[in-house]
Number of protein chains: 4
Amino acid sequence: MNFLSDTTAPAHPSLFDAMVRANEGFAPSYGADPISQRVRSRLTELFETELEVLFTTSGTAANALALSVLSGPDDIILCHDEAHIQRDERGAPEFFTGGAKLLPLHGAHAKIDPDNLANALNEWPQDFVHTTPPRVLSISQLNESGCAYALEELDALMSQAKAAGVSVHMDGARFANALSHLGCSPADMTWKRGVDVLCMGATKDGALAAEAVILFGDARAHFPKLQARQKRAGHMLPKMRYVAAQFEAWLADNLWLELARHANAAGKELSDRLCQIEGVEAAHPTQGNEVFLRLPEAVKDRLQAAGAGFYAWPDGSARFVASWRTTQADIDAVVKAAEG
Amino acid sequence: MNFLSDTTAPAHPSLFDAMVRANEGFAPSYGADPISQRVRSRLTELFETELEVLFTTSGTAANALALSVLSGPDDIILCHDEAHIQRDERGAPEFFTGGAKLLPLHGAHAKIDPDNLANALNEWPQDFVHTTPPRVLSISQLNESGCAYALEELDALMSQAKAAGVSVHMDGARFANALSHLGCSPADMTWKRGVDVLCMGATKDGALAAEAVILFGDARAHFPKLQARQKRAGHMLPKMRYVAAQFEAWLADNLWLELARHANAAGKELSDRLCQIEGVEAAHPTQGNEVFLRLPEAVKDRLQAAGAGFYAWPDGSARFVASWRTTQADIDAVVKAAEG
Amino acid sequence: MNFLSDTTAPAHPSLFDAMVRANEGFAPSYGADPISQRVRSRLTELFETELEVLFTTSGTAANALALSVLSGPDDIILCHDEAHIQRDERGAPEFFTGGAKLLPLHGAHAKIDPDNLANALNEWPQDFVHTTPPRVLSISQLNESGCAYALEELDALMSQAKAAGVSVHMDGARFANALSHLGCSPADMTWKRGVDVLCMGATKDGALAAEAVILFGDARAHFPKLQARQKRAGHMLPKMRYVAAQFEAWLADNLWLELARHANAAGKELSDRLCQIEGVEAAHPTQGNEVFLRLPEAVKDRLQAAGAGFYAWPDGSARFVASWRTTQADIDAVVKAAEG
Amino acid sequence: MNFLSDTTAPAHPSLFDAMVRANEGFAPSYGADPISQRVRSRLTELFETELEVLFTTSGTAANALALSVLSGPDDIILCHDEAHIQRDERGAPEFFTGGAKLLPLHGAHAKIDPDNLANALNEWPQDFVHTTPPRVLSISQLNESGCAYALEELDALMSQAKAAGVSVHMDGARFANALSHLGCSPADMTWKRGVDVLCMGATKDGALAAEAVILFGDARAHFPKLQARQKRAGHMLPKMRYVAAQFEAWLADNLWLELARHANAAGKELSDRLCQIEGVEAAHPTQGNEVFLRLPEAVKDRLQAAGAGFYAWPDGSARFVASWRTTQADIDAVVKAAEG
């Protein structure tokens, strides 16, 4: 009954097996190994376009590295006021960029309201020396309320960014969950809409510690700078082959999508069943593996008494996160505990 | 015959087994797991003193995080001019400290000359607003020429630092190799001599990716700041238990020392046998698993023709690094190739 | 009819005379001169408490230096979303602090709403490693809508800050104007209410370029760090005596308050008379030398045709700024132009 | 008898008069004033080439701003190990660049030895991700031993820099003194030899506080970035006209060169006459207004007893600095005191 976070789940055995296989003999350090190269090819195929990719071991590192090549130290990064980069990374974006300003924008269900984006782009010009110019728009997909932007919603934001000369970063810590929900192709959800740099997370979807920073289109030119920043931040692991091996196994046979579909389905069932309890209601639509519910005190007490793990969210709701390891028994148990 | 670096070696199977065992069920994220707690106790025992410890996955990250709690942005870090933190980390110490100045000091065999340290402490006062004050002395043990400072040599540097109010950082990426060479206790080589913060590396000695930042004595008070910097740098892995598990297996039954002894012995044999070849001579004493040799062109050519992996060092010598996986056959093969 | 900004006004002749007098013979550099010492005594007397003071030549520098001793690189500075430090300093606070996060809080008339402060202090805890902790509350007095917080309004904010262990910075670029409006003592408006560091501006009130960073109470202990940051930022002028001389003349015989009273009175008259024109209304109360008016297009056109200088404010209003040099003729002329 | 520093001298009255003249009526803020524009034209004429110029009020600020547009945060700035930017600016270059590494190079009389530059460029490659690449060579003219590089000496350094793709910064805090000594044109000593960015100081040569950052050739493209960094660092003074006015008066009728010639001649006479005293010898050639002498203890004692101001230099010599205000009487007095 541990629904605290998808990061409390173990890693999928296939990824472990791949790491053990990678652990044979000697291999070039720092990403020059053959596995890293194979994953790059696989991603190119998957995203149907030329790209550059760099691996890292935490989502915070991936986001901060990505932002550090898109934003200078005296630029603005536009994001939702509940964005992980704003609220949960202890200032990593500010650190990696050398002091960029995160400008928080509001919107329901952790989605940036397009009107608020328009106002911000209007109030903060690109060329006035006294004020900080917006250079990056950061979008979380899934976002921090567990919601996925629809493709039209992505368009409404990215078209504004592109018109203003602002780059687009996508925080895809739960990319597979969002993709599963929308049912579109990886390309459709990213570069075809305007994403310049994608952080694609595997850790919350079955890996030990594996995140990819992917550069599309013109942003590929930032690759040498990205590598330098990775090294400078201590994120260029000597034995990078172990991270690449996780990605190889994760992408093989669509395992990554299967795991996400399982987690999403578990989240949906959990949400649906708990919402049938008197007084329980969804704080946000359940579109991935995260469930945000407003719980009556009695339900909360029963869950805590039963030892169910969930997280008190800043907006007053209770967050439950399903993972690839969530079982039917886990769901039944937590629902039973909630019903009392 | 791959002697390029100890980071090209695979991880020891025991560490893998420990990770697989750690991969059961759910566990608290970010270092609150029970394995991390057990390793902390084990290290306390091993170092015979109270300490704080934080795990990370690269030596660069460990060093930079350690330095970031000892040095402010407008302070000086004293180090050898060939130190890894000066020469091989793409400015990570400057990045993590927010702009500290590394002041390079010279000395033979990558050991800081105590007279040069004295001069620097004299020329750069602690309290003059116009100049940057020295706040940290960084010592590599093994150092970048593969040498270990003797205990008296450590005393000659650290006593000066302490007298000037300067903290001491030890870069122990090859800590086990140095300890093996000196045959003293971990305490004798560190806090008993004045080390405030130790970076203890396992990656080069059989781990996948596992480094520990250890705070001794008064420096323990920096622990909350160290954690905040770790988070901000993207180095607080969600599933930290996998790093702790590597350390647990590595420290168990003195595996870490056995692996280092093996690597040191391989280095010594390699050095001794190659030095018997006409024209080959040691550029530095071989005191650990790294061998620096001046090679005649003919020998170099033969080695390259045979596909032997070694590294052309900036000082003109050839560096060979033995590891826990180096076999007698590897040594025989490279010696045979060199002999022609 | 130049009401663009109080920074377009010339310097008061008394300050020039003082600089000329200071320009005799040799004097110690970098703030060790006797004039600097005399001003320090004068300020101690004026504020009725022990203090430390450091001079600089721009308000942006004063604010950023002040914030750099109160906030670490991974801390939060709470401010109004229209604050000068947030909107008009090109990220100087982020630069000087090494990456602090400015968290913008809303409130009418550029005053931070106490409820919004309470929410922020609640949502951003002091001791959670994943999130950035609030360490400084920054209050502008006069603020960016030309309003002065009443003493009770200051209390409502500062008492919350103090209870949470958060330091208080006051941006007093128009300190004299605010003080004039409230009619209280300098002590009453600052340290007696909880201000730890005050940036007291003279530039907008008759100086060439003269700002003081004043540390009260426990914050005095930051003085050595403040000097180091001043030097490191290139703001420790060799011939600091010229800045101190401006302050000495400005404070003498209450010149600073007279100039502010003149500017405030001019602002009030301008506001009152323009508001009598059909369709003109005050966007914010006029409490100092800044006047924010909503103007009908016809009035705007007439003013522009007449060459009247004012500034289109982001909130849609027109900002007119009176200064110590504003004459009755200036006011009459702009009113006449507006009336058409 | 104050020979402590040229920054202890007062400002030349002409510059004051110009500031008083500038203090008439209103003027655009932040450098858009007509005086700033006139100075720009004058400098273009003087340097016989298109250029961009930005004014600031301290040499440290000028250097740090200049370096911040030439060097990224993970680059190397090559300089002499006694350079002002390395030794006397409390880490300002590291601060403004976001963490660049200053690599100190040795050479007699504070001149970088061309062989040491060659070695550094060889040891630190441009394209290796693990090491920090050199991006800027900084040359002080006059340098920190009071010497001027001859034109051929400048060529020997700058040609190497250009070949390696490294930009050149010239710290010209005593530019006029160096120019006076060499007797060449401003163009000959700067962009014609390869200088990309010049910091041209007036403060030590008769100004209150006036320094110019001048961009030549392709470096002119950095101007918008330079302005942004100036604003962000709090160095864009609202009433910038007062700095420009100093420059205008300083450049008029070659006043700047006359003042430098006077100071140089005073330095030369002081050096020549003191060196005739038994046991006194020059530590470095006197080529500008700075005199470095090795003094017998008895001479030192006599000077101190007489209240003569000089500075104990880190290399053991005594530094005397002449200025535009040094009189024949000052020289006679100090010589007499030394003779005893």
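Everything numeric in this text was worked out from a predicted model, so none of it was measured.

Thresholds applied
- Residues numbered from 1 in each chain as written.
- Chains lettered and ligands numbered in written order.
- Predicted model: local features only at pLDDT ≥ 70, side-chain atom pairs only at ≥ 80, totals over all residues.
- Least-squares fit on C-alpha atoms with pLDDT ≥ 70 in both.
- Contact = placed C-beta atoms within 7 Å.
- Helix = DSSP H or I, 4+ residues; strand = E, 2+ residues; numbered from the N terminus.
- Nonpolar A, V, L, I, M, F, W, Y, C, P; charged D, E, K, R; others polar.
- Pairing = 2+ DSSP bridges.
- Axes fitted to C-alpha atoms, helices over the stretch in contact; angles between N-to-C directions.
- Parallel < 35°, antiparallel > 145°, perpendicular 65-115°, else oblique.
- Left-handed = near helix turned anticlockwise from the far one by under 90°.
- Expected span 1.5 Å × (residues − 1).
- Buried ≥ 20, exposed ≤ 12 C-beta atoms within 10 Å, placed from the backbone.
- Arc of directions from axis to C-beta.
- Domains from an automatic or database assignment.

Trainee: Just checking my understanding: could you explain the relation of the copies chain D and chain A for this structure?
Mentor: Taken together, a rotation about one axis and a shift along it account for how the two chain copies relate. Its rotation angle being 180 degrees, the transformation that places chain D on chain A also includes 0.0 Å of axial translation and leaves an RMSD of 0.0 Å. The superposition operator between the copies reduces to a two-fold rotation axis. The rotation axis passes nearest to the C-alpha of Gly98(D) in chain D, at a distance of 3.1 Å. Interface overlap between copies is the fraction of interface residues in one copy that are interface residues in the other; for chain D against chain A it reaches 100%, indicating a shared surface.

Trainee: For this particular structure, what's the right way to read the interface of chain B and chain A?
Mentor: How big an interface is tends to be reported as the loss of accessible area on association of its parts. Every contact between the two is made by 38 residues of chain B and, on the other side, 38 residues of chain A. Counting residues per element, the ones that place at least two in the side of chain B that touches chain A are helix 1 (13–22), helix 3 (59–70), helix 5 (92–97) and helix 10 (223–232) of chain B. Of the residues assigned to the side of chain B that touches chain A, the class counts are 19 nonpolar, 14 polar and 5 charged.

Trainee: How should the relation of the copies chain B and chain A be read in this particular structure?
Mentor: Expressed as a screw operation, the relation of chain B to chain A combines 0.0 Å of axial shift with a rotation of 180 degrees, fitting to an RMSD of 0.0 Å. Most of the interface of chain B is mirrored in chain A, where 100% of its interface residues are also at the interface.

Trainee: Can you help me understand the sheet that holds strand 1 (residues 51–56) of chain D in this one?
Mentor: Residue and element names in this part refer to chain D. With mixed pairing, 7 strands are arranged side by side in an open sheet as 1-7-6-5-4-2-3. Edge strands, defined here as strands with exactly one partner in the open sheet, are strand 1 and strand 3 (101–105). Across this sheet, the average inter-strand angle for adjacent strands is 20 degrees, counted without regard to direction. Inspection of the sheet shows strand 6 (residues 197–201) paired to strand 7 (residues 211–216) by 5 bridges, in the antiparallel sense. Note on strand 7: the bridge partner recorded for Gly201 is Glu211.

Trainee: Explanation requested: the packing of helix 12 (residues 255–275) of chain C against helix 14 (residues 328–339) of chain C in the structure shown.
Mentor: Packed helices, taken two at a time, are described by their axes: the angle between them and the distance between them. Residues and elements named next belong to chain C. Helix 14 packs onto helix 12 with a crossing angle of 20 degrees between their chain directions and a minimal axis gap of 10 Å. Classified by the angle between their axes, helix 12 and helix 14 sit roughly parallel to one another. Judged by the twist between their axes, the crossing of helix 12 over helix 14 is right-handed. Contacts from Ala266, Glu269, Leu270, Arg273 and Leu274 of helix 12 reach helix 14 at Ile331, Val334, Val335 and Ala338.

Trainee: Hey, could you run me through helix 2 (residues 34–47) of chain C in this one?
Mentor: One full turn of an α-helix is made of 3.6 residues, so residues set three or four places apart face in the same direction. All names here are of chain C. The terminal C-alpha atoms of helix 2 lie 20 Å apart, and with 14 residues this matches the ideal 20 Å at 1.5 Å per residue to within 8%. Looking at helix 2, one finds that the buried residues are Ile35, Ser36, Val39, Arg40, Leu43 and Phe47. All buried residues of helix 2 fall inside an arc of 140 degrees around its axis, so they share one side. Seen from the buried face of helix 2, the exposed residues on the opposite side, beyond 90 degrees, are Pro34, Gln37, Ser41 and Glu45. Contacts made by the buried residues of helix 2 are with helix 1 (13–22), strand 1 (51–56), helix 9 (186–189), strand 7 (211–216) and helix 11 (241–251). Trailing helix 2 by a residue or two, Glu48 shows a phi angle of about 55 degrees, which is positive.

Trainee: I keep staring at the interface of chain D and chain A and nothing clicks. Help me out?
Mentor: The partner chain A presents 9 residues to the 9 residues of chain D that form the contact. Of the residues that constitute the side of chain D that touches chain A, the class distribution is 3 nonpolar, 3 polar and 3 charged.

Trainee: What should I look at first to understand helix 8 (residues 175–182) of chain A in this one?
Mentor: All names here are of chain A. Most of helix 8 sits out of view: 7 of its 8 residues are buried. Buried within helix 8 are the following residues: Phe175, Ala176, Asn177, Ala178, Leu179, Ser180 and His181. Among the structural elements, strand 5 (167–172), helix 9 (186–189), strand 6 (197–201) and helix 12 (255–275) are those in contact with the buried residues of helix 8. A positive phi of about 70 degrees marks Gly183, the residue just after helix 8.

Trainee: Help me understand the domain arrangement of chain A, please; the structure alone is not making it clear to me.
Mentor: Residue and element names in this part refer to chain A. Domain assignment breaks chain A into domain 1 (13–253) and domain 2 (255–339). Taking only C-alpha atoms, the centre of domain 1 and the centre of domain 2 are 27 Å apart. Facing the 21 residues of domain 1 at the interface are 18 residues of domain 2. Each residue belonging to the side of domain 1 that touches domain 2 can be placed in one class, and the counts come to 10 nonpolar, 8 polar and 3 charged.

Trainee: Explain the sheet that holds strand 3 (residues 101–105) of chain A here, please?
Mentor: The strands making up a sheet associate through backbone hydrogen bonding, with each pair oriented either parallel or antiparallel. All names here are of chain A. Taking strand neighbours across the sheet as the criterion, the 7 strands line up as 1-7-6-5-4-2-3 in an open arrangement whose pairing is mixed. Edge positions in the open sheet fall to strand 1 (51–56) and strand 3, since each of these has one partner strand only. For this sheet, the mean inter-axis angle between neighbouring strands, taken without regard to orientation, is 20 degrees. Inspection of the sheet shows strand 5 paired to strand 6 by 4 bridges, in the parallel sense.

Trainee: Where do I start with the environment of Ala32(B) in this structure?
Mentor: Residues and elements named next belong to chain B. Tracing the backbone through its elements, the reader meets Ala32 in the loop between helix 1 and helix 2 (34–47). The exposed category is assigned to Ala32, around which 11 C-beta atoms lie within 10 Å. Ala32 sits 208 residues away from Met240 along the chain, and the two C-alpha atoms are 8.3 Å apart.

Trainee: Please clarify how unusual backbone geometry should be interpreted in this entry.
Mentor: Both trends apply: most residues other than glycine have a negative phi, and most peptide bonds are in trans. With an omega of -20 degrees, the peptide bond between Gln141(B) and Leu142(B) qualifies as cis. When you line up the elements, Leu142(B) lands in the loop between strand 4 (134–140) and helix 7 (151–164). The residue Ala110(A) is not glycine, and still its phi comes out positive at about 60 degrees. Residue position: Ala110(A) is located in the loop between strand 3 and helix 6 (114–123).

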